[in-house]
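Single-letter residue listing:
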Amino acid sequence: MKRTAFSLFAGFLFVPSAFAIDAEDILTTYSDIALAGYEDSLTTAKVLDEAIEALVSAPSQETLEAARTAWIAARVPYQQTEAYRFGNAIVDEWEGRVNAWPLDEGLIDYVDASYGIESDANAFYTVNVIANAQVSVGGETVDASTITPEVIQSLQELGGIEANVATGYHAIEFLLWGQDLNGSKAGAGNRPATDFDTANCTGGNCDRRVQYLTAASDLLIADLEEMVANWQAEGAARAALVDGDEAEGLTAILTGLGSLSYGELAGERMKLGLILHDPEEEHDCFADNTHNSHYYDVKGITNVYHGRYERIDGSIVSGPSLADLVRETDSALADETEAKFAATLAAAAALKARAEAGEAYDQMIGEGNDAGNAVVQAVIDGLVDQTRSLERVITALDLAGVTIEGSDSLDNPGAVFE
């Protein structure tokens, strides 16, 4: 799906000394929250890894459900870090290794016959590396005789195709749940625990499936450790902001907030699926966890704007924030923006509550489900509305060059069907 982008240029450059709120302190708070969020993501990924070890050591419905529960818990802090994409090149270049989607799952493992056997867009559509010790298509060969973190790294975006997602949360999700074949009806993926049982194997190649799952978990931890290091005191991501130009730092914050709000979340992740009424257009599709994914994205945007994050242990990381700077600059605009953020978070909470009451996100976006569609559209409307206020914030702060990603789903809906 083609994405568009637009830039906002104000008349003057931001002058930090014009405000009592210190921009450097805002950037420090922003970096502190990033560090806390990635540390929490790493902690929960390690809990997930322990649950995966228990599953592959003693496969049962109980250990499988425990691993699934740990995966869902791991998504809570991670999704709140997505507000750090777009404005921070270090994060955006890394993010695809841990959170890329959608994925052509036939690259990894067996799939239902309804999946088909080939794709014009992807020669690796059904190579099934778990079933095949060597992958060779179009002159590219991968030795997968033993599935290691290095092997699955080499499969990521194989052939330059983004849908060849071999690593990260969603590869693990697919292995834990299997395909969701329910369409817009109730039900998530339903992989049996015996798919990991070498003594009573279903699905074939259980030893290699165990190898893949443990390798993917190990790699996720290593990738998160890398990002934690980037936000520590001497880390590259923190230094780029705190030691760099303050106006550029604030521009990075607003670029991230605006792009996630508008092009990425409202457009690509939500409006596209609503236009197509396609149950495949959901972020955590195998687990039916998309309601949480969207809610915590919205929560992460709010965290960054207000300079406040609640950690998984209940402690609070907070400090001078963009919200403080906006209030000092224009109190009426501050009231407006905070109200918009609160309204969007409330709409996302309503979506989350509806899912927890029994109607999954893929059902909500289904054709003919007017009430469910309306709940999703309310979040989209809130995200678009808060982006309009962020545009006004950019102007009020005299920041030049903030680029907010767009989306055909919002800006040119007709192109979705081309």
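Calculation rules
- Residues numbered from 1 in each chain as written.
- Predicted model: local features only at pLDDT ≥ 70, side-chain atom pairs only at ≥ 80, totals over all residues.
- Heavy atoms only, no water.
- Helix = DSSP H or I, 4+ residues; strand = E, 2+ residues; numbered from the N terminus.
- Rg over C-alpha atoms; globule rule 2.2 N^0.38 Å.
- Buried < 20%, exposed > 50% of the residue type's maximum accessible area, 1.4 Å probe, protein only.
- Contact = heavy atoms within 4.5 Å.
- Areas by Shrake-Rupley, 256 points an atom, 1.4 Å probe, with all protein chains shown as cover.
- Lys, Arg positive; Asp, Glu negative; His and termini not counted.
- Charge placed at Lys NZ, Arg CZ, Asp CG, Glu CD.
- Phe/Tyr/Trp six-rings, centres within 6.5 Å; stacked < 30°, edge-to-face > 60°.
- Lys NZ or Arg CZ within 6 Å of the ring centre and 35° of its normal.
- Axes fitted to C-alpha atoms, helices over the stretch in contact; angles between N-to-C directions.
- Parallel < 35°, antiparallel > 145°, perpendicular 65-115°, else oblique.
- Left-handed = near helix turned anticlockwise from the far one by under 90°.
- Salt bridge = Lys/Arg side-chain N within 4 Å of Asp/Glu carboxyl O.
- Patch = residues over 30% accessible without salt bridge, like charges linked within 9 Å, V, L, I, M, F, W, Y side chains within 5 Å.
- pLDDT = per-residue confidence, 0-100.
- Core = buried A, V, L, I, M, F, W, Y, C linked by side-chain atoms within 4.5 Å.
- Disulfide = S-S within 2.5 Å.
- Arc of directions from axis to C-beta.

### Quick notes on the overall build of the protein chain
When helices and strands are tallied, the protein chain shows 14 helices and 6 strands. The C-alpha radius of gyration of the protein chain comes to 22 Å, within 12% of the 22 Å expected for a compact globule of 418 residues. Overall, the C-alpha framework of the protein chain stretches about 70 × 50 × 45 Å when taken along its three principal axes. Burial status across the protein chain gives 55% buried among its 418 residues. Sequence-distant contacts in the protein chain: of pairs separated by 6 or more residues, those separated by 24 or more amount to 73%. Taken as a whole, the protein chain presents about 16,000 Å² of accessible surface, with 49% of it coming from carbon and sulfur. Here the protein chain holds 23 positive side-chain charges and 70 negative ones, and the gap between their average locations is 4 Å.

### Let's talk about the packing of aromatic side chains
Each pair of aromatic rings is reported with the distance of its centres and the angle of its planes. Within this structure, the stated rule accounts for 10 aromatic pairs. Seen in terms of ring centroids, Trp71 and Trp177 are 5.4 Å apart; in terms of plane orientation they differ by 70 degrees. Their pairing is edge-to-face. In this pair, Trp71 sits in helix H2 (residues 61-79) while Trp177 sits in helix H5 (residues 169-177), placing the two residues 106 residues apart along the sequence. For the pair Trp71 and Trp177, one class covers both residues: buried. Ring centres of Tyr115 and Tyr125 lie 4.2 Å apart, and the angle between their planes is 10 degrees; this geometry places the pair in the stacked category. Residue Tyr115 is found in the loop between helix H3 (89-99) and strand S2 (134-137), and its partner Tyr125 is found in the loop between H3 and S2; the two are separated by 10 residues along the sequence. Both residues of the pair, Tyr115 and Tyr125, belong to the buried class. The side chain of Arg75 reaches across the aromatic face of Tyr169, ending 4.9 Å from its centre. Here Lys352 stacks its cationic end above the ring of Tyr295, 5.6 Å away from the centre of that ring.

### Digging into the packing of helix H11 (residues 331-356) against helix H13 (residues 370-396)
Relative to each other, H11 and H13 sit at 160 degrees, their axes nearing to 9 Å. Taken together, the axis directions place H11 and H13 in an arrangement best described as roughly antiparallel. Seen along the crossing, H11 lies across H13 with a hand that is left-handed.

### Observations regarding the pattern of salt bridges
All chains considered together, the criterion is met by 25 salt bridges. Arg85 is the salt-bridge partner of Asp92, the closest N and O atoms lying 3.2 Å from each other. Salt-bridge contacts for Glu336 lead to Lys340; the nearest nitrogen and oxygen are separated by 3.6 Å. On the criterion of helical spacing, the pair formed by Glu336 and Lys340 is a turn pair, its members being 4 residues apart in helix H11. Looking at Lys340, the relative accessible area reads 18%, which means it is buried. A single network of salt bridges, built from pairs that share partners, joins Glu82, Arg85, Asp92, Glu95, Glu264, Arg269 and Asp297.

### Quick word on a negative patch on the surface
A cluster of like negative charges, contributed by Asp22, Glu24, Asp25, Glu234 and Asp243, occupies part of the molecular surface. Assignment of secondary structure puts Asp22 in the loop between strand S1 (5-9) and helix H1 (23-57).

### Examining the environment of Asp92
By the secondary structure assignment, Asp92 is in helix H3. Setting aside anything within four residues of it in sequence, one finds Asp92 in contact with Arg85 and Phe86.

### With respect to the confidence of the model for the protein chain
Fine structural detail should not be taken from predicted coordinates in areas where pLDDT scores are low. Looking at the protein chain, the pLDDT average stands at 92 and 95% of residues meet or exceed 70. A low-confidence stretch, residues 1-17 (pLDDT under 50), is modelled with 55 contacts involving residues beyond four sequence positions or located in other chains.

### Some thoughts on the side chain of Asn128
Considering the arrangement of structural elements, one finds Asn128 in the loop between H3 and S2. Asn128 gets classed as buried once you look at its relative accessible area, which sits at 14%. Residues within four places of Asn128 in sequence aside, it is in contact with Gly106, Leu107, Ile108, Asp109 and Tyr110.

### Looking at H5
In terms of burial, H5 is a largely internal element, 9 of the 9 residues being buried. Of all the residues in H5, the buried ones are Tyr169, His170, Ala171, Ile172, Glu173, Phe174, Leu175, Leu176 and Trp177. Looking at the buried positions of H5, the neighbouring elements they touch are H1, H2, H3 and helix H6 (206-231). In the segment just after H5, Gly178 is the residue with positive phi, at about 75 degrees.

### Digging into the nonpolar core
In terms of nonpolar packing, the biggest core is built from 120 residues, with Tyr38, Leu176, Tyr212 and Trp231 touching the most fellow members. Ranked by residue count, the leading element in this core is H1, at 16 residues. The contacts of Leu176, once residues within four sequence positions are left out, are Leu48, Leu55, Leu64, Ala67, Arg68, Trp71, Arg191 and Leu213.

### Overview of the state of the cysteines
Chemically, a disulfide is nothing more than a covalent bond linking the sulfur atoms of two cysteines. Scanning the entire structure with this criterion turns up 1 disulfide. Disulfide pairing places Cys201 opposite Cys206 at an S-S distance of 2.0 Å. Note on the Cys201 and Cys206 pair: the S-S dihedral is about 90 degrees, so by sign convention the disulfide is right-handed. Residue Cys201 is classed as partly exposed on the basis of its relative accessible area of 36%. Residue class for Cys206 comes out buried when judged on its relative accessible area of 2%.

### Focus on helix H10 (residues 322-329)
Among the residues of H10, those classed as buried are Leu322, Ala323, Leu325 and Val326. Viewed along the axis of H10, the buried residues span an arc of 160 degrees, placing them on a single side of the element. Buried residues belonging to H10 abut H1, helix H8 (246-276), helix H9 (290-306), H11 and H13.

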